[in-house]
Amino acid sequence: MRAALQSEIGQDKLEVVDDMEAVGLGPGKVKIRIKATGLCHSDLSAMSGVLPQPAPFIPGHEGSGVISDVGDGVTTLKQGDRVLVCWLPPCGHCPSCKRGQGHLCLASLVNAGTPNFRRAGGDIFGFAATGTFAEELVVDAACAVPIPDDVPFDIAALIGCGVTTGLGAAINTAKVEAGSSVAVIGCGGVGISVIQGAKVQGAAQIIAVDPVQSRREAALRFGATEAVGPEAFDDAKNRITGGEGFDYVFEVVGKSATAQTAYKMTRRGGSVVIVGAGAMDDNYQIDMFSLFFDEKKILPSMYGGGDVLRSYERTIALWRAGRVDLASLITHRVQLAEINDALDQMRTGVALRTCIEL
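The text that follows walks through the structure, step by step, so that each part is easy to find. Because the structure is a prediction, the values reported are computed rather than measured. (Residues numbered from 1 in each chain as written. Predicted model: local features only at pLDDT ≥ 70, side-chain atom pairs only at ≥ 80, totals over all residues. Heavy atoms only, no water.)

## Section: unusual backbone geometry
A cis amide bond links A55 to the next residue, P56, at an omega of 0 degrees. Take P56: it is sitting in the loop between helix 1 (41-48) and strand 5 (57-58). In this structure, A129 takes a positive phi of about 65 degrees despite not being glycine. With respect to the helices, strands and loops of the structure, A129 is situated in the loop between strand 9 (122-126) and strand 10 (136-140). (Helix = DSSP H or I, 4+ residues; strand = E, 2+ residues; numbered from the N terminus.)

Right under this line is the structure:
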């Protein structure tokens with residue numbers, strides 16, 4: 001089968017090969033025939049080494065498709081079922097799950113150290129124990145979440161990561177209050193989803209901050225009340241909040257520098273929400289007096305900060321009701337053979353989300 005392969009960490013191009021094999025089907029596992037997958041910035045971070053990932057590996061973790069085979073003991077899924085790929089399903093039994101924090105469950109990530117692909121040269125890993133840049137993959141049955149027949153595969157793929165992460169940051173983690181002021185730093189697919197989540201919650205002002213003009217223009221279409229470049233952010237804060245700062249500032253870049261900006265732009269007593277996934281050696285620092293005196297809340301948001309299965313259902317309900325626009329998030333479509341075009345579209349910022357159709 002075909003797949004997009006990264007042989008070594010640090011390579012900026014993927015090699016499309018046609019001799020890959022999805023392996024590991026057995027008790028509790030399923031094989032998925034991938035129909036659509038989105039390119040998420042986390043894939044680029046894994047390729048560059050910002051996020052830890054053993055190589056060689058197949059990127060991709062935001063996908064959807066059809067069950068093509070099931071292993072022994074799998075009773076909740078059958079061949080032909082339409083599913084999305086959940087890269088971090090809650091196990092229901094670990095301490096995090098028992099505390100109601102299934103999005104912090106690490107049980108499924110144990111599989112990230114087990115190769116689930118193979119070719120003549122040896123074993124191949126799938127990013128985050130998935131690897132959706134392949135025509136087929138084998139995952140735990142819990143990673144395959146059934147989707148209703150009216151949800152297209154491309155939209156289902158986005159729900160599997162980017163949309164859930166962004167909407168959840170606003171709804172679950174920040175719990176944005178109606179009438180509040182919001183700023184979002186970084187307006188790719190996840191940042192746009194944060195904007196839509198803040199709109200659903202009833203925020204009065206939603207300021208989009210991004211250096212790319214096309215993304216700023218897109219943010220306005222998705223619900224931002226104003227969009228500015230980073231150089232105009234301070235002026236926007238002074239005009240809109242009287243210099244006090246925003247009630248909520250979302251950092252959706254994954255850099256300590258933008259996290260510092262987010263903290264600076266948040267009012268005393270407000271919330272700084274960290275959505276971007278950054279590097280382990282990129283340290284964020286703050287002086288202890290400001291941390292105490294300003295009482296700004298620093299809220300990291302992992303995978304939308306809530307029950308991901310419930311978040312999927314909520315997203316589908318909002319989409320059906322026309323409260324969120326998911327189709328327009330997909331600004332580019334490519335075939336797997338054109339995967340490196342998709343990487344360029346992400347790096348230059350021209351794409352909100354590129355859908356790779358398999």
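Moving on, there is more to tell.
## A few points about the sheet that holds strand 9
Taken in spatial order, the 4 strands make up an open sheet running 3-8-9-5, and their pairing is mixed. At either margin of the open sheet sits one strand with a lone partner, and together these are strand 3 (21-22) and strand 5. Summarising the sheet, strand 3 and strand 8 (residues 117-119) pair through 2 bridges and their orientation is antiparallel. Across the sheet, residue E21 finds its bridge partner in strand 8, namely R118. (Pairing = 2+ DSSP bridges.)

## Description of the pattern of salt bridges
Two side chains of opposite charge can pair, provided their charged atoms sit close to one another. Following the criterion strictly, the structure yields 16 salt bridges and no others. When the shortest N-O distance is used, the salt bridge between K29 and D140 registers 2.9 Å. Placement of K29 in strand 4 (residues 29-38) and of D140 in strand 10 is noted, with a sequence separation of 111 residues between them. Residue classification places D140 among the partly exposed positions, given a relative accessible area of 24%. One salt bridge connects D81 with K78, and the closest N-O pair in it is separated by 3.0 Å. For D81, a relative accessible area of 16% translates into the label buried. It is possible to trace a salt-bridge network through shared partners that takes in K13, D344 and R347. (Salt bridge = Lys/Arg side-chain N within 4 Å of Asp/Glu carboxyl O. Buried < 20%, exposed > 50% of the residue type's maximum accessible area, 1.4 Å probe, protein only.)

## Looking at the nonpolar core
V30, I32, V182, I195 and F250 are the most contacted members of the largest nonpolar core, which totals 96 residues. The leading source of residues in this core is helix 5 (residues 189-201), at 6 residues. Contact partners of V30, with chain neighbours within four places excluded, come to L25, I67, D69, V70, V74, L77, L137, V138, V139, D140, A141 and A144. If you look at the next biggest cluster of nonpolar residues, it comprises 13 residues, including I207, V228, F233 and Y263. (Core = buried A, V, L, I, M, F, W, Y, C linked by side-chain atoms within 4.5 Å. Contact = heavy atoms within 4.5 Å.)

## What about the packing of helix 4 (residues 162-173) against helix 5?
Direction vectors running N to C along helix 4 and helix 5 enclose 40 degrees, while the axes themselves pass 7 Å from each other. Put simply, helix 4 runs oblique to helix 5. The handedness of the crossing between helix 4 and helix 5 is right-handed. Across the interface between the two elements, G162, V163, T165, G166, L167, A169, A170 and I171 from helix 4 touch V190, S193, V194, Q196, G197, A198 and Q201 from helix 5. When grouped by side-chain class, the residues that make up the contact of helix 4 with helix 5 number 8 nonpolar, 7 polar and no charged. (Axes fitted to C-alpha atoms, helices over the stretch in contact; angles between N-to-C directions. Parallel < 35°, antiparallel > 145°, perpendicular 65-115°, else oblique. Left-handed = near helix turned anticlockwise from the far one by under 90°. Nonpolar A, V, L, I, M, F, W, Y, C, P; charged D, E, K, R; others polar.)

Just geometry here; none of it tells us what the structure is for.
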